[in-house]
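# Descriptive structure summary
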Number of protein chains: 2
Amino acid sequence: MALRHAVLAALLDEELSGYQLAKAFDLGVANFWHALPQQLYTELTRLEKEGLVAGREVVQDARPNKRLFRVTADGLAALERFAAESAKPSFIRDDLLVKIQAADHLDADVLIARLAERERFAEAKIELFGGLLRQMRGDRDEAEFLRHGERIGPYLTCLRGLAFERENRDWCRRSAEILHARRHTSRDAAPDTTSPSSSSPARSRP
Amino acid sequence: MALRHAVLAALLDEELSGYQLAKAFDLGVANFWHALPQQLYTELTRLEKEGLVAGREVVQDARPNKRLFRVTADGLAALERFAAESAKPSFIRDDLLVKIQAADHLDADVLIARLAERERFAEAKIELFGGLLRQMRGDRDEAEFLRHGERIGPYLTCLRGLAFERENRDWCRRSAEILHARRHTSRDAAPDTTSPSSSSPARSRP
DNA sequence: TCTGACTACTCACTTTCTTGAGTATCATGC
DNA sequence: GCATGATACTCAAGAAAGTGAGTAGTCAGA
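Description of the structure in this document.

Criteria and thresholds
Residues numbered from 1 in each chain as written. Chains lettered and ligands numbered in written order. Predicted model: local features only at pLDDT ≥ 70, side-chain atom pairs only at ≥ 80, totals over all residues. Heavy atoms only, no water. Helix = DSSP H or I, 4+ residues; strand = E, 2+ residues; numbered from the N terminus. Expected span 1.5 Å × (residues − 1). Contact = heavy atoms within 4.5 Å. Pairing = 2+ DSSP bridges. Axes fitted to C-alpha atoms, helices over the stretch in contact; angles between N-to-C directions. Parallel < 35°, antiparallel > 145°, perpendicular 65-115°, else oblique. Left-handed = near helix turned anticlockwise from the far one by under 90°. Nonpolar A, V, L, I, M, F, W, Y, C, P; charged D, E, K, R; others polar.

Attention shifts here to helix α6 (residues 108–137) of chain B. With 30 residues, α6 of chain B extends 43 Å from end C-alpha to end C-alpha; this agrees with the ideal 44 Å at 1.5 Å per step. Phi for G138 of chain B, located one or two positions after α6 of chain B, is positive at around 65°.

Bringing helix α4 (residues 73–84) of chain B into the picture now. Over its 12 residues, α4 of chain B runs 17 Å from end to end, which matches the ideal 16 Å to within 8%, given 1.5 Å per residue. Where α4 of chain B is buried, its residues touch α5 (95–101) and α6 (108–137) of chain A together with α1 (3–11) and β3 (66–71) of chain B.

Looking now at the sheet that holds strand β3 (residues 66–71) of chain A. All names here are of chain A. Across the sheet, three strands lie side by side as β1-β3-β2; this open sheet has antiparallel pairing. Edge positions in the open sheet fall to β1 (16–17) and β2 (53–58), since each of these has one partner strand only. One ladder, built from two bridges, connects β1 with β3; its direction is antiparallel. Each residue of the ladder has a partner; that of L16, found in β3, is F69.

Where strand β2 (residues 53–58) of chain B and β3 of chain B come together, six bridges link them in antiparallel fashion. Pairing of A54 of chain B across the sheet is with R70 of chain B, part of β3 of chain B.

Turning next to the sheet that holds β2 of chain B. Sheet architecture is open: three strands sit in the order β1-β3-β2 (chain B), paired in antiparallel fashion. Single-partner strands in this sheet number two, and they are β1 (16–17) and β2 of chain B.

Residues and elements named next belong to chain A. The geometry of helix α2 (residues 18–26) relative to helix α3 (residues 37–49) is characterised by a closest axis approach of 9 Å and an angle of 130° between their N-to-C directions. Comparing their axes, α3 and α2 come out oblique. In this structure, α2 crosses over α3, and the sense of that crossing is right-handed. Of α3, the residues touching α2 (which contributes G18, Y19, L21, A22 and F25) are P37, L40, Y41 and L44. The residue inventory of the contact of α2 with α3, partitioned by class, reads eight nonpolar, one polar and no charged.

Bear in mind that shape data such as this cannot, by itself, settle questions of function.
What follows is the structure, given as structure tokens:
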């Protein structure tokens, strides 16, 4: 039971439907919590049953009706209790890192391709977060906004996400370069007049 | 089924027992994959049944016997197939970020305490990773090691972990400072001569 | 000699997550 | 006029992950 707190936190500043919440989890919230739409609907139902959020039906004619949820006083109290507990270390699972861990036993080209994919992804995230941050702080400069702005929680978490993706991008780039350089390592000293095929340390398997 | 690949990757360079593997998952591997001992034992059993790892009994007299596992050719092939798939975006879940997301609605002192805890934790990790990296590269300097060292996979993932924890530490420090500064915001400086008690942005609740 | 910590695992149970499919309406473009 | 994609959800089944308790011997220190 931890998704629930992420949902409560995401719902604090605006009333959202399950669908909108799912969108939010695809954008900003995804930096520190990942969940599929189905989980969110399930969790919202549970939270409503326990009185931590309250939903209200909104009838629409151009689209299907929806239910908007807001956090109740009990919900806020639950978040407060949660904040008082000392936080668990952040929980990461990364396929890509698993692959790179095995780098010495796998084909370098394949890994370089994976690193390039991730680098592009990180770049897109960086753009996205940059935009979100600009939007949140409006015309103020960052220091001023952080000193006197009204809603800095989402801004701070977004800053963390941005830093994370920047590190990601840089690490991907650097790692790919290293793997690339090692493929040509057997022949020369000054970098690379590219070799034809075999006999490299990071082998391309038979 | 994803833990299995993390296990295979961790087992590539050395033969380990379930117990030792659990230790490894508490140190380096924990950066990109987290798992409890029970899960590892379960996974090892499954992997052995499928022939992706091979175990052998080692009789000890001073301690309980143990089973050491190594990756088989099939296991390596499975890893290769895994590496060929494009990696999912990294999966993060962080309690602390959830709490900070809700910062505008929670007690600032509580959050500052959480940030301080995490900062200390990150600091410890930084030390740990620094040590692991030194150990892996021995007396070589980093660039040289990355160019010609034999086992750079674990080194690269450890570098990622180090960068992550550094960012973590810096972000915690900065965020705590910001939250701290805002508590005193009603009194001083250029903008804002506002009110005495109520209506401060980061309120300490009743 | 008793306590607690370390090595080395196992079993059973529950919760959570993921996958896949399905429903229904409206707007847009080709 | 038909496919598509967006809005807005629901349900069911299965895989994966997490929790709690238990076993059993060794060693070091109080």
